[in-house]
Amino acid sequence: MRERVTAPARLEATVSPPGDKSISHRAVLLNSIALGTATVTNLCVGDDRASMLRCLRGLGASIEREADPGGNEANDRFIIRGSSMDGLAEPHETLNAGNSGTTLRLVSGLLAGQPYFSVITGDRSLRSRPMGRIVKPLREMGARVMGRSEDSLAPLAIRGGDLHGIEYDMPVASAQVKSCLLIAGLHAQGKTVIRQPAATRDHTERMLERMGGDITEDGLTITVRPGRTLSATDVRVPGDISSAAYWLVAAACHPSARVTVLNTGINPTRGGILEVLRAMGARVTVTHVRSEGGEEAADITVESSHLVATEVAGELLPRLIDEVPVIALAACFAKGETVVRDAQELRGKESDRIRTTVQGLSRLGADIRETPDGMVIRGTGGLRGAAVGSHGDHRLAMTLGVAGLLATGETVVRGAEAARVSYPNFWDDLRAVAGEHREA
Ligand code: S3P
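Residues numbered from 1 in each chain as written. Predicted model: local features only at pLDDT ≥ 70, side-chain atom pairs only at ≥ 80, totals over all residues. Heavy atoms only, no water.

Here we come to the domain arrangement of the protein. If you check the domain split of the protein, you get domain 1 (2-18 + 238-433) and domain 2 (21-236). Of note, the centres of domain 1 and domain 2, computed from C-alpha atoms alone, are 28 Å apart. Taken together, the contact pairs 29 residues of domain 1 with 24 residues of domain 2. Across the interface of domain 1 and domain 2, roughly 2,400 Å² is buried in total on both sides, 44% from carbon and sulfur atoms. The residue Arg201 makes a salt bridge to Asp322 at a minimum N-O spacing of 3.5 Å. Between domain 1 and domain 2 we count 14 residue pairs in polar contact (both at pLDDT 80 or more) in total. For the side of domain 1 that touches domain 2, the elements supplying multiple residues, two or more each, are strand S17 (295-303) and helix H12 (394-406). Residues that form the side of domain 1 that touches domain 2 fall into these classes: seven nonpolar, nine polar and 13 charged. (Domains from an automatic or database assignment. Contact = heavy atoms within 4.5 Å. Buried area = accessible area lost by both parts, 1.4 Å probe. Salt bridge = Lys/Arg side-chain N within 4 Å of Asp/Glu carboxyl O. Polar contact = N/O pair within 3.5 Å; in protein donor to acceptor, adjacent residues only side chain to side chain. Helix = DSSP H or I, 4+ residues; strand = E, 2+ residues; numbered from the N terminus. Nonpolar A, V, L, I, M, F, W, Y, C, P; charged D, E, K, R; others polar.)

Structure, rendered in structure tokens:
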């Protein structure tokens, strides 16, 4: 599917981004192994949600959807009847995590603790992403896990059970690896201690704590102990800052813009994009800060800004890892040279996002070059429309769509349907932000 985008004279809109994907995945997974019934609202939308629900249902989890009578998807209710820690069953079929790394890695943590055999796989992109990072520690805990390519790629075959806690120094700052091990640790004998090289999103820790899990944090070290039954807990999921980021950047770079995103998660372990935009001189206002279900949310307004270059490196990376493509786009409109370093993790995402971001923005006339662990972007103040491709990567598709709102001429985004992985309404929202309204 192709989408054609041109720059409007003005960007003015209020957008409700879809529910946060990371929080949603944890809400359905952890409630599936809790005791009692929980209701989750504003669950994320898109193919990744379908992947997580499919895998959990494949294990016998009871998750029912009650559609909002008013037709507002954000108000759909997902009712999860928890089967407690040992209530899930050996799957009859291979579990398919589709394009979703979070599904594959978190569900593997669950499977490692279950005394049965399972196989989990994903689409072509997911089957090429690094899984050795979970296989190695899960084996140390006592699970039998095998995969392709010397146990480094999916499909993974897991025979779990009889786990024991370990002390693990994570070689990469990954919330998925951390969460996989925390979930496995719930089923292990003794404590599991995980040391992170830098802070990564902490939604699993927050939710486990709310559900009564035995989890403690000390700086970058997290300890989980088994033995406590998790209590089913209702969750109203805040909007996803990774989806909101597209509109925040669009507004900051467009010469006549004011965009507000409502009810968006601002957990500090996810807030790197706000720090970077502020460091670049963007006019960002955060209002109505509230706490909902153990996570902070707010409304965020961004107006047209005179951006300056910045450096994105070090401990900041895990806190904005999914926003790097759209930050690179913002850097095209900033005065000076922006350097992104320490971002080698991007090469193992849905695409090699260092390469695909540099390729896409170069085609639009950006002065951008690839480095082994990041990119260097010299702001030229403008882009010119061209035909570009998403490489099947949702974040690329959306970054290039926003680039079309800022470039001269017409931008054609091929493979635009990739956006449906995390944001199925993205192209409709883009038209609304651009002031176009499609006839019904
Ligand atoms: C996620 C963690 C990040 C992120 C992904 C979602 C999560 O991946 O890129 O989109 O929900 O835990 P890594 O843990 O591999 O960095």
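Right, let's talk about helix H6 (residues 175-185) for a bit. Where burial is concerned, most of H6 is hidden: eleven out of the eleven residues are buried. Among all positions of H6, only Ala175, Gln176, Val177, Lys178, Ser179, Cys180, Leu181, Leu182, Ile183, Ala184 and Gly185 are buried. You can read the cap of H6 off the contacts: a side-chain oxygen lies 3.2 Å from the backbone nitrogen of Gln176, and it is on Ser174. (Buried < 20%, exposed > 50% of the residue type's maximum accessible area, 1.4 Å probe, protein only.)

Trp247, Ile300, Leu329, Leu361, Leu383 and Phe426 are the most contacted members of the largest nonpolar core, which totals 76 residues. Sorting elements by how many residues they give to this core places helix H8 (residues 241-253) first, with eleven residues. Setting aside residues up to four positions removed in sequence, Ile300 forms contacts with Ile241, Leu248, Val259, Thr260, Val261, Thr264, Ile266, Leu274, Val284, Thr285 and Val286. Met141, Ile183, Ile194 and Val235 belong to the second largest nonpolar core, which has 63 residues in total. (Core = buried A, V, L, I, M, F, W, Y, C linked by side-chain atoms within 4.5 Å.)

With that settled, consider the pattern of salt bridges. Within the structure shown, the criterion is met by 36 salt bridges. Residue Glu311 pairs with Arg341 through a salt bridge whose shortest N-O separation is 2.6 Å. In this pair, Glu311 is assigned in strand S18 (residues 311-312) and Arg341 in the loop between strand S19 (337-340) and helix H11 (353-363), connecting sequence segments 30 residues apart. The exposure class of Glu311 is partly exposed, given its relative accessible area of 46%. One network of salt bridges, in which partners are shared, links Arg129, Arg201, Asp322, Glu350, Arg353 and Asp393.

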